[in-house]
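The primary structure of each chain is shown beneath.
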Amino acid sequence: MTSSTPTALDTTFNHLQNPTFLQACLRQATPYTPLWMMRQAGRYLPEYRASRAKAGSFMGLATNRDYATEVTLQPLDRYPLDAAILFSDILTVPDAMGLGLSFALGEGPKFAHPVRDEAAVAQLEVPDMAKLQYVFDAVSSIRKALTQADGRGRVPLIGFSGSPWTLACYMVEGAGSDDYRLVKTMLYSRPDLMHRMLTVNADSVAAYLNAQIDAGAQAVMIFDSWGGVLADGAFQEFSMAYTARVLAQLKRIGAQGEVIPRIVFTKGGGLWLQDMATLDCDVLGLDWTVNLAAARALVGGIENGPGKALQGNIDPNVLFAPPAQIATEVTRVLDSFGAPYQGSGSGPTHIFNLGHGISQHTPPEHVAALVDAVHSHSRQLRR
């Protein structure tokens, strides 16, 4: 069962030094547009590469509470970002199901035991969350590390999972894919098996995210990284419906009575924004193909009325341009959304982010230029 809808008293965020991200998630006014980046703790940072070398592997980092805490904080120590995101992977849940997740240096994830037939699907079940205790320990450790001398957190911590459909793609393909042939073959040939897998995945993701909330996550995000590869109709049936199943089970209030915003990001999902407006979430993430002004008009809502906060959506490859051009592109994105809501109630708000994860080849100093441009220009928009 989900908790009841929180009252206004739950959304004051007195426990944070910088609550701008959470305020924007709930369509409250902020002094500037908050910013965080997908994959903000990663290989583009030399300090991350040093930590990974010490840990010996990606999973060595992700499964060790102290290393996970260390790398989560690295980008916050370098840049004035407005949120931290748990260092982990979207595929920890199927790994806990016994599929054998591994990462080779320079390669993507692989499963030793892909799910490709009726017998394998029949064996799937929601994993024992104790197998994922290393994730929850990392959440608690990061929250402690973010706590300042006055007892308040520097910035909020985001927990996350892959979406049921995205997990299914990896579970069936056994790795990343260019054509999604195997998973789509199952979808079209045996939709009953696909629905069975997605049901287990959705209930697993909900349990996983709720455990992250119990451990201290202050917002949660569902990464539907591969929803955009589906046909119209198939997206609604096999991706969005199961994201909705996750959202229906999520806790709305944390252990200290604070509201827990929920974010849904579907890469390639811009065509279905109007459909996704019906999801029981607070924020919709957008990739770089979506026009922010159009998205605001479609799903951003009105003052003191229903609507979604929007998150995104600069092309990550902009970060390879010179800093002056980065600033120009930042201005274009912020101006496209327009002036965010500035009243005392609720209204259209924007969280700046990349349209997908940051590239490992990104120059770190270009990220500094991005952060500075977002904070400075978004303040000007509020004058």
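Anything mentioned here points back to the structure above.
Summary of the structure given here.

**Notes on the sheet that holds strand β6 (residues 262–266)**
Taking strand neighbours across the sheet as the criterion, the 7 strands line up as β1-β4-β5-β6-β7-β8-β9 in an open arrangement whose pairing is parallel. The open sheet has two free edges, formed respectively by β1 (84–85) and β9 (350–354), since each of these has just one partner strand.

**A look at the environment of Gly254**
Summarising the element assignment, Gly254 is placed in the loop between α11 (234–249) and β6. For Gly254, a relative accessible area of 11% gives the class buried. In this structure, the C-alpha to C-alpha distance between Gly254 and Ala215, residues 39 residues apart in sequence, is 9.2 Å. Apart from the residues within four sequence positions on either side, Gly254 is in contact with Ile213 and Ile260.

**Quick look at unusual backbone geometry**
Trans is the common state for peptide bonds, and a negative phi is the common state for residues other than glycine. Gly312 connects to Asn313 through a cis peptide bond whose omega is -5 degrees. Residue placement: Asn313 occurs in strand β8 (residues 309–314). Its identity as a non-glycine residue notwithstanding, Arg39 has a phi of 65 degrees, on the positive side. When you line up the elements, Arg39 lands in the loop between α1 (20–25) and α2 (46–55). Although it is not a glycine, Asn304 sits at a positive phi angle of roughly 55 degrees. On the secondary structure map, Asn304 appears in the loop between α13 (292–299) and β8.

**Topic: the side chain of Thr92**
Mapped onto the elements, Thr92 comes out in helix α5 (residues 92–99). Reaching out from Thr92, the side chain makes a polar contact with the side chain of Tyr208 at a distance of 2.8 Å. Excluding its chain neighbours within four sequence positions, the residues that come into contact with Thr92 are Leu132, Tyr134 and Tyr208.

**Describing the pairing of β6**
Counting buried positions over the 5 residues of β6 gives 5, a clear majority of the element. Crossover handedness for the path strand β5 (residues 219–224) to α11 to β6: right-handed. Both β6 and strand β7 (residues 283–285) contribute to a ladder of 3 bridges, which runs parallel. Across the sheet, the residue bridging to Phe265 is Gly285, located in β7.

**Considerations on the nonpolar core**
One finds Phe21, Trp36 and Leu370 to be the most contacted residues of the largest nonpolar core, which totals 131 residues. Considering each element in turn, this core owes the most residues, 13 residues, to helix α10 (residues 191–215).

**Focus on the packing of aromatic side chains**
One pass over the structure, following the stated rule, counts 8 aromatic pairs. When the centroid spacing of 5.4 Å and the interplanar angle of 55 degrees are considered together, the rings of Phe58 and Phe87 count as tilted. Highlighted residues: Phe58 in helix α3 (residues 58–62) and Phe87 in the loop between β1 and α5, separated in sequence by 29 residues. The pair formed by Phe58 and Phe87 is uniform in burial state, with each residue classed as buried.

Analysis parameters
- Here the residue numbers are simple positions, counted from 1 along each chain's written sequence.
- pLDDT decides what is reported in this predicted model: residues at 70 or higher carry local features, side-chain atom pairs at 80 or more are listed and counted, and totals for whole chains, interfaces and linings draw on all residues regardless.
- To obtain the side-chain values, all non-hydrogen atoms of the structure were included, while hydrogens and water were left out.
- The pairing criterion for strands is at least two bridges between them, as found by DSSP.
- A run of H or I in DSSP becomes a helix once it reaches four residues, and a run of E becomes a strand once it reaches two; helices and strands are each numbered from the N terminus.
- Whether a residue is buried, partly exposed or exposed follows from its accessible area with a 1.4 Å probe, protein chains only, as a fraction of its type maximum: under 20%, in between, or over 50%, in that order.
- Should any heavy atoms of two residues lie within 4.5 Å, those residues are considered in contact.
- Pairing of N or O atoms within 3.5 Å defines a polar contact, subject to two protein rules: one partner must be a possible hydrogen donor and the other a possible acceptor, and residues neighboring in sequence count only if both atoms are side-chain atoms.
- With strands facing away from the observer, any crossover in which the path from the first strand over the helix to the second runs clockwise is taken as right-handed.
- Nonpolar core, defined: a set of buried Ala, Val, Leu, Ile, Met, Phe, Trp, Tyr and Cys residues in which side-chain atoms within 4.5 Å join the residues together.
- Stacked, edge-to-face and tilted are the three classes for Phe, Tyr and Trp ring pairs, Trp counted by its six-membered ring, which pair at centre distances within 6.5 Å; planes under 30 degrees apart are stacked, over 60 edge-to-face, the rest tilted.

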